[in-house]
Every structure is written in structure tokens, then in C-alpha cells.
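Below are the chains, spelled out letter by letter.
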Amino acid sequence: MEKLKILLPKGRIYENVTELFADAGISIKLPERAYRPTVNQDDLEAKVMKPQNIGKLLELGAHDVGFTGLDWIEETNADVEDIMDLGFDPVKIVAAVPNTIDDKALLKKRIIVATEYENIAERWLKQKKIDNLIVRTYGATEVFPPDDADMIVDNTATGRTLIENDLRIVDVLMTSSTRMFASKSAMKNPAKKKKIMELKMLFTSVLNARDRVMLEMNVAHDKFEALVKALPAMRSPTVSSLYGDNGFAIKIAVKKSEIPNLMPKLKSLGATDILEYELRKVAE
């Protein structure tokens with residue numbers, strides 16, 4: 001079979017993506033200062049590129065699957081298939097100005113806007129009918145105001161860096177997170193599309209498992225019905241009889257966020273020998 005060619009994002013989101021592959025059973029090892037990792041699957045081939053370039057490279061068709069932020073797909077107007085949102089590295093693309101600038105005064109003059117997102121910024125500024133001159137930045141956008149820019153358009157996760165640089169958000173242009181994208185040509189190839197959707201299934205099962213834990217417990221016959229009714233199981237719980245017909249053993253997968261309230265409740269309903277353990281994959 002022809003290999004599925006994968007583009008991995010260079011930089012801070014690389015670790016999250018390769019960890020997802022690892023949890024799905026696919027090992028990706030990148031030698032120092034290299035751009036072509038080794039993969040433990042014969043039908044996969046990987047290359048590391050800057051997130052900004054991945055969308056257009058997929059559009060050109062030389063690669064089949066890539067992982068990058070939705071912001072860079074929007075910025076480059078890349079014509080690709082959005083396969084799934086991994087939810088990693090969520091950010092907002094915002095317009096921000098120095099706290100000392102008056103909004104009304106800002107709209108009465110031609111302003112300098114510093115940004116890495118030239119196209120996203122240009123579309124927003126045109127929509128708002130703001131007279132502007134865009135200055136392309138290459139990192140550290142937040143340091144431009146007030147001396148070298150009146151406004152910035154940048155990404156932020158917590159807003160802390162903006163506050164530290166005496167900036168305030170005036171509008172949120174879009175939200176973004178790391179996603180899995182595919183080239184349209186790959187999705188027209190039945191064999192490649194099948195492999196892409198298999199990867200999606202594996203990734204979905206891993207992400208589902210990260211949000212859940214398995215609970216096992218025992219319960220006496222007379223308390224079984226009340227306890228089962230209190231279970232927030234994915235489907236129906238797995239139930240088996242205990243040795244000697246001394247009650248039942250129950251197994252359920254539940255969300256981690258439910259555990260603090262659920263565990264005491266189960267105990268009060270008669271559950272004993274409660275075990276909690278991590279899951280690796282959950283395919284629904």
C-alpha cells in the first residue's frame with residue numbers, strides 16, 4: 001500500500017500530537033535537529049514542518065494528513081478537509097490595544113496594526129471599516145504597542161501576556177485549537193481515506209479515554225437495583241455474579257469529573273471494594 005504522508009507541527013504543539021499518536025500505539029521518534037521522524041508503522045511516513053505551512057502543503061497534495069491550528073488554515077485560506085478537532089492548545093485570536101488609547105479616537109485616524117495574522121486581521125479591519133496599515137511581525141507581537149503600533153492582532157490562551165504589556169482586548173476575531181486536516185486528493189483515494197478515518201477512530205478513542213476512568217465495585221443483592229439506577233454509565237453497566245452468589249460485581253466507565261460526587265454516593269448506596277483505574281482507549 002502507498003504510504004500515508006503525515007505533516008507534524010514543529011514547536012510547542014508537536015509534543016501533544018506525538019503523545020496522541022503514542023497513546024494510539026503509533027511511536028514517532030524525531031532525532032535531534034531532524035525533520036523526518038521514524039514511525040513504527042510501515043504504512044505511515046512523517047515530516048515536521050512549521051504549523052503556518054501545513055495547510056497549504058496539504059492543499060498542494062504532496063502530503064495527505066496534517067496537524068495544525070485552525071487559525072493557520074484560516075490565515076492561509078488553505079483548501080483542506082477538516083477531519084477532527086483534537087482540542088489541544090486552545091487560543092483566541094484577538095485585537096488588542098494599549099490601555100491608554102481611547103477607542104473613539106482610534107477610529108478617527110489611520111492606525112498601525114502589528115500581527116502575524118495578516119489575512120485574518122485584514123478581513124476584520126475591512127469589516128470594521130478601520131483605516132489601517134498592517135505591519136507583519138515574526139513573534140513577540142505584544143511588544144510593538146504603543147511605540148510601533150496602535151493595535152495588535154494576536155493569539156492568546158489566558159490573556160496574561162496582554163495584561164503584562166498593558167494591553168486590553170477590544171474584539172475576539174476567532175477561536176482556534178489543534179486539528180487534524182487532510183488533503184482533498186487523499187480523501188478521494190479510497191485506501192488513503194480508509195486509513196485516515198482509522199486514525200480518526202483511534203484518536204477519538206484515546207481522547208475519550210483521557211476523559212474517563214473505569215470503576216469496579218461489589219454490591220449485595222438487596223442494594224443492587226438502587227445502586228444501578230444511580231450509575232451514569234456510557235451504556236448499560238457490566239454486571240456479573242460474585243462467587244457463592246453473594247451479590248454482584250459491577251463495572252462502568254465514567255467521566256473523571258463525576259468521580260468526586262459519584263464515589264461517596266456509591267458508597268452510601270452499598271457499594272464495596274470500589275476500584276478506580278485509568279483507561280487507554282474508549283471506542284463508543
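Provided above is the structure to which this section pertains.
It should be emphasised that the depicted structure is a prediction, and the values quoted were computed from it without experimental measurement.

Caption draft 1: Local environment of the overall build of the protein. The secondary structure content of the protein amounts to 10 helices and 14 strands. Here the C-alpha atoms of the protein give a radius of gyration of 25 Å, more than 25% beyond the 19 Å that 2.2 N^0.38 yields for 284 residues. Here the C-alpha coordinates of the protein stretch approximately 85 × 50 × 35 Å along the principal axes. Accessible surface, the protein as shown: approximately 15600 Å² in total, 49% of it carbon and sulfur.

Caption draft 2: Geometry of the pairing of strand E7 (residues 111-115). With 4 of 5 residues buried, E7 is to be regarded as a mostly interior element. The sheet contact formed by E7 and strand E8 (residues 132-136) spans 5 bridges and is parallel. Directly across from Ala114, in E8, lies its bridge partner Val135. Taken together, E7, helix H5 (residues 118-128) and E8 constitute a β-α-β crossover, and its handedness is right-handed.

Caption draft 3: Region of interest: the packing of aromatic side chains. Under the defined criterion, the tally for this structure stands at 5 aromatic pairs. Measuring from centroid to centroid gives 5.5 Å for Phe21 and Phe67, while their planes differ by 75°, and the two rings are edge-to-face. Here the residue Phe21 occupies a position in helix H1 (residues 14-23), and Phe67 occupies one in strand E5 (residues 65-69), the gap between them amounting to 46 residues. Measuring from ring centre to ring centre gives 4.7 Å for Trp72 and Tyr117, while their planes differ by 20°; the resulting arrangement is stacked. Placement of the pair is Trp72 in helix H3 (residues 70-76) and Tyr117 in the loop between E7 and H5, with a sequence separation of 45 residues.

Caption draft 4: A look at the sheet that holds strand E14 (residues 272-278). Here we have 4 strands laid out as an open sheet, ordered E12-E13-E11-E14, and antiparallel in their pairing. Either end of the sheet is taken by a strand with one partner, and the two such strands are strand E12 (238-241) and E14. Ignoring which end each strand starts from, the neighbouring axes of this sheet average 20° apart. Pairing between strand E11 (residues 212-219) and E14: 5 bridges, direction antiparallel. Bridge pairing links Leu215 to Glu276 in E14.

Caption draft 5: A look at the pattern of salt bridges. All chains considered together, the criterion is met by 16 salt bridges. Linking Arg12 and Asp89 is a salt bridge whose minimum nitrogen-to-oxygen distance equals 3.3 Å. Linking Arg12 in the loop between strand E1 (4-9) and H1 with Asp89 in strand E6 (residues 81-98), this pair joins segments that are 77 residues apart in sequence. Among the residues examined, Arg12 registers a relative accessible area of 58% and is labelled exposed. Here Arg179 ties to Asp82 by a salt bridge, and the two come within 2.6 Å at their closest N and O atoms. With Arg179 in strand E10 (residues 167-182) and Asp82 in strand E6, this pair connects stretches of sequence that are 97 residues apart.

Caption draft 6: View of the pairing of E6. Inspection of the sheet shows E6 paired to E10 by 13 bridges, in the antiparallel sense. Among the inter-strand pairings, Glu81 is bridged to a residue of E10, identified as Ala182. In terms of strand pairing, E6 meets strand E9 (residues 151-156) through 5 bridges, oriented antiparallel. Its bridge partner lying in E9, Ala96 is registered against Ile152.

Caption draft 7: Local environment of empty space enclosed by the protein. This structure, assessed with the given rule, holds 1 cavity of 30 Å³ or more. Estimated volume of the largest cavity: approximately 30 Å³. Considering the residues around the largest cavity, the lining is formed by Lys5, Ile6, Arg36, Glu45, Ala46, Lys47 and His63. Broken down by secondary-structure element, the contributors of at least two residues to the lining of the largest cavity are E1 and strand E4 (44-49). Here the lining of the largest cavity is built from residues that sort into 2 nonpolar, 1 polar and 4 charged.

Calculation notes
- Residues numbered from 1 in each chain as written.
- Predicted model: local features only at pLDDT ≥ 70, side-chain atom pairs only at ≥ 80, totals over all residues.
- Heavy atoms only, no water.
- Helix = DSSP H or I, 4+ residues; strand = E, 2+ residues; numbered from the N terminus.
- Rg over C-alpha atoms; globule rule 2.2 N^0.38 Å.
- Areas by Shrake-Rupley, 256 points an atom, 1.4 Å probe, with all protein chains shown as cover.
- Buried < 20%, exposed > 50% of the residue type's maximum accessible area, 1.4 Å probe, protein only.
- Pairing = 2+ DSSP bridges.
- Right-handed = clockwise from strand over helix to strand, strands pointing away.
- Phe/Tyr/Trp six-rings, centres within 6.5 Å; stacked < 30°, edge-to-face > 60°.
- Axes fitted to C-alpha atoms, helices over the stretch in contact; angles between N-to-C directions.
- Salt bridge = Lys/Arg side-chain N within 4 Å of Asp/Glu carboxyl O.
- 1 Å grid on protein atoms, 1.4 Å probe; cavity = no way out; pocket = protein on both sides within 12 Å on 5 of 7 lines; lining within 4 Å.
- Points joined across faces, edges and corners; volume = space filled by probe spheres on them.
- Nonpolar A, V, L, I, M, F, W, Y, C, P; charged D, E, K, R; others polar.

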